[in-house]
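# Structural overview for review
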Amino acid sequence: MKDTSYINPLENEAIYIMREVAAQFENPVLLFSGGKDSITLVRLAQKAFYPAKIPFPLMHIDTGHNFPETIEFRDRLVNELGLELIVRNVQESIDQGKVKEETGRYSSRNSLQTTTLLDAIEEFRFDACIGGARRDEEKARAKERIFSVRDDFGQWDEKNQRPELFDMLNGQIEMGQNVRVFPISNWTELDVWSYIEKEQIEIPSIYFAHKRKIFLRDGLIWSHSDFVYQEDHEEVLEEVVRFRTVGDMSCTAAVLSKAEDIASVVQEIRESTISERGARIDDKRSEAAMEKRKQQGYF
């Protein structure tokens, strides 16, 4: 009997989607944060177009409040692979008066990324933006199609989406519209980590257990940093932690962990009963926080 154990249907689907993007759109871009999901997308894009280089640039919408380990990894990866990286900064949107810096206990720049992203899409006339969102992360993301159309204001209408039958992806858009593309939409967090383990993909050290200065708030573990609002009574501690998801420092909490390698992380995820988004405070602002941000143009 022929050995088919090497076949990964999720990988095959993602590669097919990547190739459909290249075939159907004139000016796509891969949105890259330096997190595990976008790193996985880069590996999938490499496979999709090998031996040629990835035929579209990477773009990072930088809040200015990112983990330094992530930025260092981002720059090293694009240099090693010889990729084009576009960086647009939320600070510029603040300086231009397009968005207002939040203050107070739950202040974050995460939601401010929307304006910077939409401006960048307009600046470069991108017609397709590839991202690492997955349906298992959050209920609003579960509503997305793989090719998810945005109108000429960058907005998403969850009640008016195209059917996607039999892997037929419709990239037809009108002037001014663009499409958000989700090649790993059907993957789970465990699928991503298992793929990283199988492919031996390097990821930022922040995903592994390390000693870090932290403080506790609302039952969550926060990095002690100038970027994170902290009240005087919130004591600074030092704990061994890791991050399951990597976003703006001001909205991404850590978890206590002893997982120092990928195999240990995979085992930890198998045993976890809490979603990785449970450590993202921006999702907790309201019951429909993510859906409202997506309607306004957030990825």
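## So, the environment of Ala259
Topologically, Ala259 is positioned in the loop between strand E10 (255-256) and helix H7 (262-271). Residue classification places Ala259 among the buried positions, given a relative accessible area of 3%. With 17 residues separating them along the chain, Ala259 and Arg242 place their C-alpha atoms 7.9 Å apart. If sequence neighbours within four positions are ignored, Ala259 has contacts with Phe208, Ala209, Arg242, Ser264, Val265 and Glu268.

## Brief notes about the sheet that holds E10
The strand order across the open sheet built from 4 strands is E8-E7-E9-E10, with neighbouring strands paired in antiparallel fashion. Strands at the two margins of the open sheet, each flanked by one partner only, are strand E8 (220-223) and E10. As paired elements, strand E7 (residues 210-217) and strand E9 (residues 237-242) share 5 bridges and run antiparallel to each other. Paired with His210 across the bridge in E9 is Val241.

## With respect to the packing of helix H6 (residues 189-199) against H7
To describe two helices that pack against each other, one gives the angle between their axes and the distance between the axes. The geometry of H6 relative to H7 is characterised by a closest axis approach of 10 Å and an angle of 165 degrees between their N-to-C directions. Looking at the two axes, H6 sits roughly antiparallel to H7. Considering how the two elements wind past one another, H6 and H7 form a crossing that is left-handed. Counted together, Glu189, Leu190, Trp193, Ser194, Ile196 and Glu197 of H6 and Ile262, Ala263, Val265, Val266, Ile269 and Arg270 of H7 form the full contact between these two elements. Taken together, the residues of the contact of H6 with H7 sort by class into 8 nonpolar, 1 polar and 3 charged.

## Digging into the pattern of salt bridges
Here the idea is simple: oppositely charged side chains can pair when their charged atoms come close. Taken as a whole and judged by the stated rule, the model has 22 salt bridges. The closest approach of N and O atoms between Asp37 and Arg134, which form a salt bridge, is 3.0 Å. Highlighted residues: Asp37 in helix H2 (residues 36-49) and Arg134 in the loop between strand E4 (128-130) and strand E5 (147-150), separated in sequence by 97 residues. The same class applies to Asp37 and to Arg134, which are both buried.

Calculation rules
- Residues numbered from 1 in each chain as written.
- Predicted model: local features only at pLDDT ≥ 70, side-chain atom pairs only at ≥ 80, totals over all residues.
- Heavy atoms only, no water.
- Helix = DSSP H or I, 4+ residues; strand = E, 2+ residues; numbered from the N terminus.
- Buried < 20%, exposed > 50% of the residue type's maximum accessible area, 1.4 Å probe, protein only.
- Contact = heavy atoms within 4.5 Å.
- Pairing = 2+ DSSP bridges.
- Axes fitted to C-alpha atoms, helices over the stretch in contact; angles between N-to-C directions.
- Parallel < 35°, antiparallel > 145°, perpendicular 65-115°, else oblique.
- Left-handed = near helix turned anticlockwise from the far one by under 90°.
- Nonpolar A, V, L, I, M, F, W, Y, C, P; charged D, E, K, R; others polar.
- Salt bridge = Lys/Arg side-chain N within 4 Å of Asp/Glu carboxyl O.

The values reported here are purely geometric and, on their own, carry no functional implication.
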